[in-house]
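# Chains, contacts and geometry: an overview
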2 protein chains.
Amino acid sequence: MAAALQLLAESGPEGFTVRAIARRANVAPMAIYNHFDGKNGLLDAIWTEGFTILQREMAPIGQDPKDELLRSGIAYRKFALEHRSHYTVMFMNRFVGFTPSIAAAYVATRAFQELVNHIHRCQSVGMFPDIAADNLAQMLWAACHGYISLEILDINFAEDRDKTFLQFLSGVERGFDVLAL
Amino acid sequence: MAAALQLLAESGPEGFTVRAIARRANVAPMAIYNHFDGKNGLLDAIWTEGFTILQREMAPIGQDPKDELLRSGIAYRKFALEHRSHYTVMFMNRFVGFTPSIAAAYVATRAFQELVNHIHRCQSVGMFPDIAADNLAQMLWAACHGYISLEILDINFAEDRDKTFLQFLSGVERGFDVLAL
DNA sequence: TGAGGTATAGAACAGTGTTCTATACTTTTC
DNA sequence: GAAAAGTATAGAACACTGTTCTATACCTCA
């Protein structure tokens, strides 16, 4: 697993081959089939680990719903930048033959639910009154994912990336928040 | 080229193999090397064609900058849905060994510039006063791409997708538009 | 009619994920 | 402690991939 993440970080999906991973882990290629059910099984394990971490990072800490929503967006980006290999597997769709297992998809929806909960808490104080929480969650997620996937691919020309993302995130959230208007 | 797009639409990047394309086009695999410089050359041709169409679709028609900006967003989505194969090559990063040629990248930046121009026109009537046009263009593009890439992958559970996208687009644009606040 | 360039089929090469086989090891059971 | 059962191992093998090579066929144009 460590070898796989290492290799992914170093040389991307191109270098992510069963033989290379096995070589890096000082192990036979067959071991990946015994322990992970092949390449897709290994990707499934990385996916699950990633979403487990992401859910933890996105969970609320403080009390103010609006602050917490913003913080969860920042946490999402922080996760992506600090766990690029995980993020690539989870969100970048770079592995052609891979679709997550049912169990892995479940872990993912649980992480997504964390965002829905943030929005519910916001709605309980009057924000986002005219929109379904799931719908808004999907929109915010899509927007952040779009922004960050470009950043991961290094297609971002902002000078201060942290600041620009904060500008982006608060801009997007404000657009849906009727209280701010 | 038609065979390649057909195959891509039917079975995605998995079915996009040199041999399969050649078979579909009733042609020898070698032909793809003679005419397109291999698989990546073929992808490059699809990429270029796609961005040429996209630029045309995003060009302004009417006079009101704000309306035109919104319309260009809708045109972007329309392009993605009607040219899924092109969009996959251009934006989905599903082809591991492929990076566009310099010429192809130039065509892409020209299409992106069309969005920057929209924003310039908006700024000439007072919208988006406190943000660099390139920066905002990148944000809007990222948000739309994030949303639409999920829709292309069929990860969208809205009932009325057209309406939900419009809600998304106007929400995001409103968030950056100080005049609407 | 003849020469030059090009498309062709088909084999070949190195690489991929995966499967198979026989060997080695580790654990459990008597 | 010894025998049996289960599992990890290495290494070859299979079908596939993109790509390259070679000799043959064809088409165009002087």
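Residues numbered from 1 in each chain as written. Chains lettered and ligands numbered in written order. Predicted model: local features only at pLDDT ≥ 70, side-chain atom pairs only at ≥ 80, totals over all residues. Heavy atoms only, no water.

Moving on to the interface of chain B and chain A. Chain B puts 36 residues into the contact, and the matching count from chain A is 36 residues. For the pair chain B and chain A, the summed buried surface comes to about 2900 Å²; carbon and sulfur atoms form 63% of the total. Considering only the surface of chain B that becomes buried against chain A, Arg 94, Val 96 and Gln 138 of chain B emerge as the three largest contributors, covering 20% of it. Scanning the region where chain B abuts chain A turns up zero salt bridges. Summed over the shared surface of chain B and chain A, the number is six residue pairs in polar contact (both at pLDDT 80 or more). The element contributing the most residues to the side of chain B that touches chain A is helix α8 (residues 133–152) of chain B, with 11 residues. (Contact = heavy atoms within 4.5 Å. Buried area = accessible area lost by both parts, 1.4 Å probe. Salt bridge = Lys/Arg side-chain N within 4 Å of Asp/Glu carboxyl O. Polar contact = N/O pair within 3.5 Å; in protein donor to acceptor, adjacent residues only side chain to side chain. Helix = DSSP H or I, 4+ residues; strand = E, 2+ residues; numbered from the N terminus.)

As a further point, take the domain arrangement of chain A. All names here are of chain A. Here chain A is partitioned into domain 1 (1–36) and domain 2 (39–180). Each of domain 1 and domain 2 was reduced to a C-alpha centroid, and the two centroids are 27 Å apart. On the domain 2 side, the residues contacting the 11 residues of domain 1 number 13 residues. Between domain 1 and domain 2, a total of about 1100 Å² is buried, with carbon and sulfur atoms accounting for 80% of that surface. Counting across the domain 1 and domain 2 interface gives zero salt bridges. Between domain 1 and domain 2 we count three residue pairs in polar contact (both at pLDDT 80 or more) in total. Elements with a minimum of two residues in the side of domain 1 that touches domain 2: α1 (2–15), α2 (18–24) and α3 (29–36). (Domains from an automatic or database assignment.)

So, on to the protein's contact with DNA strand D. Close contacts around DNA strand D come from 14 residues, with Ala 28 and Asn 34 of chain A together with Thr 17, Arg 19 and Tyr 33 of chain B the closest. When atoms of DNA strand D within 4 Å of the protein are split into backbone and base, the sugar-phosphate part holds 58%. Interatomic distance of 3.0 Å between a backbone N/O atom of Ala 28 of chain A and a phosphate oxygen of DNA strand D. Lys 39 of chain B is positioned such that a nitrogen or oxygen atom in its backbone is 3.0 Å from a phosphate oxygen of DNA strand D. If you list the elements that add at least two residues to the surface near DNA strand D, you get α3 of chain A together with α2 (18–24), α3 (29–36) and α4 (38–58) of chain B. (Near = heavy atom within 4 Å.)

What follows covers the relation of the copies chain B and chain A. Each copy of the chain is related to the other by a rotation around an axis and a translation along that axis. Rotating chain B by 180 degrees and moving it 0.0 Å along the rotation axis overlays it on chain A with an RMSD of 0.0 Å. The relationship between the two copies is best expressed as a two-fold rotation axis. Both copies contact each other with a shared surface, as 100% of the interface residues of chain B are interface residues in chain A too. (Least-squares fit on C-alpha atoms with pLDDT ≥ 70 in both.)

Next up on the list: the packing of aromatic side chains. We describe a pair of aromatic rings using the distance from one ring centre to the other and the angle between the two ring planes. The final tally for this structure, using the stated rule, is 25 aromatic pairs over all chains. Plain terms: the ring middles of Phe 165 of chain A and Phe 168 of chain A are 6.3 Å apart, the flat faces sit at 35 degrees to each other, and that makes the pair tilted. Of this pair, Phe 165 of chain A and Phe 168 of chain A both sit in helix α9 (residues 161–176), separated by three residues, roughly a single helical turn. Phe 168 of chain A sits in the buried class, given a relative accessible area of 0%. With a centroid separation of 5.9 Å and 50 degrees between ring planes, the pair formed by Tyr 76 of chain B and Phe 91 of chain B is classed as tilted. Residue Tyr 76 of chain B is found in helix α5 (residues 65–82), and its partner Phe 91 of chain B is found in helix α6 (residues 84–91); the two are separated by 15 residues along the sequence. There is no split in this pair, since Tyr 76 of chain B and Phe 91 of chain B are both buried. (Phe/Tyr/Trp six-rings, centres within 6.5 Å; stacked < 30°, edge-to-face > 60°. Buried < 20%, exposed > 50% of the residue type's maximum accessible area, 1.4 Å probe, protein only.)

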